[in-house]
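Close look at the chain arrangement
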Amino acid sequence: MATIYTAETNPTKKEFVTSWLDTQFWGGSGEPELIGTYRFDDSGGEVGFEGFILKREDSILHLPVTYRAAPLEGAEDYLITKMEHSVLSDRWVYDAMADPVAIHMLNQALAGEIQQAELHFYDEDGQYLGSEDSDISIYIRGELPEDWGTVSVHHVLDHMDLDGGDYRRLVGRWEDASATLFELTPTQQAPTESQPVITE
């Protein structure tokens, strides 16, 4: 269950998402239009995980982030912003792919151990407002590999409505579209005498 407050933030989510995309080679340009978001739960209750799917010019982009109550040591290059939250006070927002808690959640999701979080809303005084379905529905596709591999993210969703592929993956669906958001990339095996590294 994701607890979401109808709170004010500075900067706003649109502002920090746009600023971060402007610094990424895949981030495009122009005014972003939010398609939807999804969330995963941290079993420790400390780190928030939110994924944004946006349209920017002719591209569909995907940005997963984490929210933390304190800085993440060693992740300075992946700090998106320090955000003021009217209920939770200061929050540090990171690129989720640099956050070990986020990677753990994604591994759990790919293994089928957790599902995307239910969204429950509260006002600034803690009054429960109700629940809503996420704009983005997350599904597992592909077989579990013998060797687990590494979680990789798709930032630019080029292959809309195509769920094909051999790898274990998390597919996001919204309205009449779908795309792979994350997948397991096989771990490269170390070369042996019988299988040497091929070089030019």
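Below or above, wherever it landed, is the structure these notes cover. (Residues numbered from 1 in each chain as written. Predicted model: local features only at pLDDT ≥ 70, side-chain atom pairs only at ≥ 80, totals over all residues. Heavy atoms only, no water.)

Let's talk about the pattern of salt bridges
What the rule picks out here adds up to six salt bridges. When the shortest N-O distance is used, the salt bridge between K14 and E31 registers 2.5 Å. With K14 in helix 1 (residues 13-22) and E31 in the loop between helix 1 and strand 3 (32-40), the pair connects residues that are 17 residues apart, well separated along the chain. You can call K14 partly exposed: its relative accessible area is 47%. For E31, a relative accessible area of 57% corresponds to the exposed category. R56 is paired through a salt bridge with D22; the nearest N and O atoms lie 2.6 Å apart. On the criterion of sequence distance, the pair formed by R56 in strand 4 (residues 48-56) and D22 in helix 1 is long-range, its members being 34 residues apart. Residue R56 is classed as buried on the basis of its relative accessible area of 3%. Through salt bridges with shared partners, one network takes in K13, R39 and E50. (Salt bridge = Lys/Arg side-chain N within 4 Å of Asp/Glu carboxyl O. Helix = DSSP H or I, 4+ residues; strand = E, 2+ residues; numbered from the N terminus. Buried < 20%, exposed > 50% of the residue type's maximum accessible area, 1.4 Å probe, protein only.)

With respect to the nonpolar core
Membership of the largest hydrophobic core comes to 22 residues, with the highest contact counts inside it found for Y38, F40, F49, L170, W174 and F182. Counting only elements with at least two residues in this core, the list comes to strand 3, strand 4, helix 2 (100-110), strand 12 (169-174) and strand 13 (177-185). Discounting chain neighbours no more than four positions away, the residues touching Y38 are F49, E50, G51, H62, P64, Q116, S134, I136, I138, L181 and F182. Counting 14 residues, the second largest nonpolar core, distinct from the first, contains F16, L21, F52 and I80. (Core = buried A, V, L, I, M, F, W, Y, C linked by side-chain atoms within 4.5 Å. Contact = heavy atoms within 4.5 Å.)

Some thoughts on the side chain of R169
Along the chain, the position of R169 falls in strand 12. Salt bridges are absent for the buried R169, whose nearest opposite-charge side chain, E183, sits at 6.2 Å. Of the polar contacts made by the side chain of R169, one reaches the backbone oxygen of Y167; its length is 2.7 Å. (Lys, Arg positive; Asp, Glu negative; His and termini not counted. Polar contact = N/O pair within 3.5 Å; in protein donor to acceptor, adjacent residues only side chain to side chain.)

So, helix 2
Turning to helix 2, its buried residues number three or more, namely A102, M105, L106, Q108, A109 and L110. Measuring from the side-chain oxygen of the N-cap residue of helix 2 to the backbone nitrogen of V101 gives 3.0 Å; that N-cap residue is D99.

Focus: unusual backbone geometry
Despite not being glycine, E57 has its phi angle at roughly 55°, a positive value. Relative to the helices and strands, E57 resides in the loop between strand 4 and strand 5 (59-68). Judged by relative accessible area, E57 falls into the exposed class, the value being 52%. In this structure, E175 takes a positive phi of about 45° despite not being glycine.

So, the sheet that holds strand 6 (residues 79-85)
With respect to topology, six strands assemble into an open sheet ordered 2-6-7-5-4-3, the strand pairing being antiparallel. Whereas interior strands pair on both sides, the edge strands pair on one side only; in this sheet they are strand 2 (9-10) and strand 3. Sheet topology note: the strand 2/strand 6 ladder contains two bridges and is antiparallel. Within strand 6, the residue paired with N10 across the bridge is E84. (Pairing = 2+ DSSP bridges.)

A look at the pairing of strand 6
Sheet topology places strand 6 next to strand 7 (residues 89-95); six bridges connect them, and they run antiparallel. Within strand 7, the position partnered with E84 by the bridge is D90. Connecting strand 6 to the antiparallel partner strand 7 that follows it, the hairpin turn spans three residues.

What to know about a negative patch on the surface
A surface patch of like charges, here negative, comprises E118, E132, D133, D135, E175 and D176. In this fold, E118 is placed in the loop between helix 2 and strand 8 (119-122). What makes E118 exposed here is its relative accessible area of 54%. (Patch = residues over 30% accessible without salt bridge, like charges linked within 9 Å, V, L, I, M, F, W, Y side chains within 5 Å. Areas by Shrake-Rupley, 256 points an atom, 1.4 Å probe, with all protein chains shown as cover. Charge placed at Lys NZ, Arg CZ, Asp CG, Glu CD.)

With respect to the sheet that holds strand 11 (residues 150-153)
An order of 10-12-13-11 is seen for the four strands of this open sheet, with the pairing classed as antiparallel. The open sheet is flanked by strand 10 (137-141) and strand 11, the only strands paired with a single partner. For this sheet the average axis-to-axis angle between neighbouring strands, irrespective of direction, equals 30°. Sheet topology note: the strand 12/strand 13 ladder contains six bridges and is antiparallel. (Axes fitted to C-alpha atoms, helices over the stretch in contact; angles between N-to-C directions.)

Nothing here speaks to function; it is all geometry.
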